[in-house]
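Examination of the molecular architecture
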Amino acid sequence: MRLIPNDDDFFPQMALLFFSVLFLLMLQLPAPAQQYAWPTEASELMTSSFCEFRPRHYHAAIDIKTWNQTGYKIFAVEDGYVYRIRVAATGYGKALYLKLKDGNYAIYGHLDGFTDELNAYTDSLRLAARNNVLDAFPDPARFPVKKGQHVGYTGATGIGVPHLHFEMRDRYNRPINPLQFYKSRLTDTIAPKGRFLAVVPQGVTSLVNYEPDTLIVTLPQQARVKTRPVYLSGRAYLALRAYDMANGATNQFDFYRAEMFINDSLVYQVQYDRFDYGETHLIEIDKNFSLWRKGYRYYHNFYRHPANSLPFYGKTAKGGGMLSGRSLREGPNTVSFKIYDYFDNLLEVEVPLIYHRLISPQAENIRKSGARLTLNVKSPEPLRDFEVKRIVYNPVREFPVADYRAELRGDEVLSSYYYYHFDLPYVPGERGSAYRIRAKNEAGTQTLPLYVFPDSTRRRIGNDGWHFRFSGASFGAIREGFPEIPTAALNSSVFFYQYRPEISFIAGPLAQPGALVTPFGADHDEQLRRRLARWEAVIPGKENTVYSPDRRLRLRFPSNASL
């Protein structure tokens, strides 16, 4: 068998094919970063980094320190020409745009002025137009520039604080991170530092540390951090407030890239290299807008919202980063973060997270007979290791109950639930007490505590003290004090804070989805409507327009708006 053709042209043809393939592969490799000149003589220190949070938009540049002074020279970073000159009292103030020979753009903002030649040109245009505002695009041949050429002076126009706003854009006018061109010129050996971690529950039945509200954990200022365990049932995501610093400056910056792992599996990643101005408003789902509006400053969401089309997230799918039964195993988990600055300094945060399904046993058939109380505990799965305590409130005190019996009802085990029959000691007439029953499932995970109020069926709900939340066709209500509610009549679920049993949380369907009608009765609903009369409802799936009380602000929500 002949393996090599007997052909004098075979080897030259193979060589040509080899070098052709090699050439095509080289075309696909990323080009090395262009070595641009530094844009100013003022300093080589930053005061703000690329993609930092600004209301409704990303910071599209790096800001360079000018020592709270104006008048430092700025230079062309590469050969090119003056593409645009803009003069205004707001925004970038006096700004110069250069188009470089490689197709990128360099933008200098908040300038005090330009060179004499450029000043004469801008003054003539403004005088002819009789307008102080200018937005001019000179002919490309009018003002060519060379790398390192002096083109203007740093200032404070448009914003009032002296610094140089230096922005780089690609050939499609998309902002790109300028640090890729200057990594060798800047010094940064300081690792990012964490400030706070937020655990944000999603849905009215999700509980964080057994509470239906956002948990904020303070982080020590260290390069490696391990938090106390966090307990979760339902769905939640994590948001982190962190900052970075660089040698020689006291300013705080945002991080450059980050990763989140669940049990060593990468579930979320982000890296800020470039974005499109058409999507800059999506910063309010990349960062946590809700926490910012509440005064908690800037948290980064380690969860990619389904409406988030920004280009920062690598292989992270929309919805990636959500903590739930799909991404967590029941019981102990480890959620870890790696937070990097542009110079690969690293902050590591580890969060022990104990996840359990929303195992919520329910009490049924409560009966009192003399000094005994009997009831059935209904559970969706088998339970063991029961613990019973009698809770006396005002003030809250706990007393272990030893004289009780708990046995599985064998005649009901064939149903989809497990029923446990309890026989407890009871003090007749003691209205200020309850029984708390805890258990574990077969995997050893603690269930949510079950509170039994022997006299609750004789009480009526009060109108005061409840705080309501609405989400689509569901409602949630929180109240200080033990619930005085005939819960079976509400078609709702009652949950309790494990560490503050005097606070109760009720969740359930609205009697009329989209309307403020709860199962609590007409009197309570009327009071609730009066309390919320100054608000306007925004109903998912329906186009809505709402106005401020003075009618000067209008907000339109399309039918596909994300709430």
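What you are looking at is a predicted structure, and each value in this text was computed from that prediction instead of being measured.

What to know about the pattern of salt bridges
- According to the stated counting rule, one finds 23 salt bridges in the structure shown.
- When the shortest N-O distance is used, the salt bridge between E364 and K378 registers 3.8 Å. With E364 in strand β23 (residues 362-369) and K378 in strand β24 (residues 372-379), this residue pair connects regions lying 14 residues apart in the sequence.
- A salt bridge links E387 to R438; the shortest N-O distance between them is 3.8 Å. One end of the pair, E387, is in strand β25 (residues 383-392); the other, R438, is in strand β29 (residues 433-441), with 51 residues separating them in the sequence.
- Assessed through its relative accessible area of 14%, R438 is described here as buried.
- One network of salt bridges, in which partners are shared, links R372, D403, R405 and D423.

Overview of the sheet that holds strand β30 (residues 450-452)
- The strand order β26-β25-β29-β30 describes an open sheet built from four strands, whose pairing is antiparallel. Of all strands in the sheet, those with a lone pairing partner are β26 (397-400) and β30, marking the two edges. Sheet twist, expressed as the mean angle between neighbouring strand axes with direction ignored, is 30°.
- Of the strand pairs in this sheet, β25 and β26 are connected by four bridges, and their pairing is antiparallel. Bridge pairing in β26 places V392 opposite R397.

Quick notes on the packing of aromatic side chains
- Applying the stated criterion to the full structure yields 28 aromatic pairs.
- Each ring, one from F50 and one from F275, has its centre 5.9 Å from the other, and the planes form 35°; the classification is tilted. A residue pair is termed long-range when its members are at least 10 positions apart, and F50 in the loop between β1 (46-48) and β2 (53-54) and F275 in the loop between β19 (265-271) and α3 (283-286) qualify at 225 residues. With respect to burial, F50 and F275 carry one shared label: buried.
- When the ring of F386 is compared with that of F422, the centres are 5.1 Å apart and the planes differ by 85°; the resulting orientation is edge-to-face. Of this pair, F386 sits in strand β25 while F422 sits in strand β28 (residues 418-425), placing them 36 residues apart in sequence.
- An aromatic cluster of at least three residues, connected via ring pairs, comprises F50, Y58, F255, Y268, Y272, F275, Y277, F302, F312, Y313 and F337.
- Seen from the ring of W67, K65 lies directly overhead, with NZ or CZ sitting 5.5 Å from the centre.
- Cation over ring: R257 sits above Y340, and NZ or CZ is 3.8 Å from the ring centre.

Details of the pairing of strand β15 (residues 215-218)
- Pairing analysis gives four bridges linking strand β14 (residues 193-208) to β15, with the strands arranged antiparallel. The partner of V199 across the bridge, within β15, is L215.
- Connecting β14 to the antiparallel partner β15 that follows it, the hairpin turn spans six residues, and N209 within it adopts a positive phi of roughly 50°.

Observations regarding the confidence of the model for the chain
- Residues with a pLDDT of 70 or more make up 77% of the chain, whose mean pLDDT is 84.
- Note that pLDDT drops below 50 for residues 483-491; the model gives that stretch 20 contacts with residues more than four away or on any other chain.
- Predicted confidence is poor over residues 496-501, with pLDDT under 50, and the contacts of this stretch with residues over four places away or in other chains come to 25 contacts.

Some thoughts on the environment of R257
- Turning to its location among the elements, R257 is positioned in strand β18 (residues 257-262).
- Considered as a pair, R257 and I339 are 82 residues apart in the sequence and their alpha carbons are 6.2 Å apart.
- Ignoring anything within four residues of it in the chain, the contact list for R257 reads V270, Q271, K338, I339, Y340 and D344.

Describing the nonpolar core
- Within the largest apolar cluster, 41 residues are counted, with the highest numbers of intra-cluster contacts made by F302, F312 and F337.
- Elements with a contribution of two residues or more to this core: β14, β17 (230-243), β18, β19, β21 (331-340) and β22 (346-355).
- Top contributing element to this core by residue count: β17, with six residues.
- When residues no more than four places from it in sequence are discounted, the contact partners of F302 are L238, A239, L240, F255, A258, E259, M260, Y268, G320, G321, F337 and I339.

Calculation notes
- Residues numbered from 1 in each chain as written.
- Predicted model: local features only at pLDDT ≥ 70, side-chain atom pairs only at ≥ 80, totals over all residues.
- Heavy atoms only, no water.
- Salt bridge = Lys/Arg side-chain N within 4 Å of Asp/Glu carboxyl O.
- Helix = DSSP H or I, 4+ residues; strand = E, 2+ residues; numbered from the N terminus.
- Buried < 20%, exposed > 50% of the residue type's maximum accessible area, 1.4 Å probe, protein only.
- Pairing = 2+ DSSP bridges.
- Axes fitted to C-alpha atoms, helices over the stretch in contact; angles between N-to-C directions.
- Phe/Tyr/Trp six-rings, centres within 6.5 Å; stacked < 30°, edge-to-face > 60°.
- Lys NZ or Arg CZ within 6 Å of the ring centre and 35° of its normal.
- pLDDT = per-residue confidence, 0-100.
- Contact = heavy atoms within 4.5 Å.
- Core = buried A, V, L, I, M, F, W, Y, C linked by side-chain atoms within 4.5 Å.

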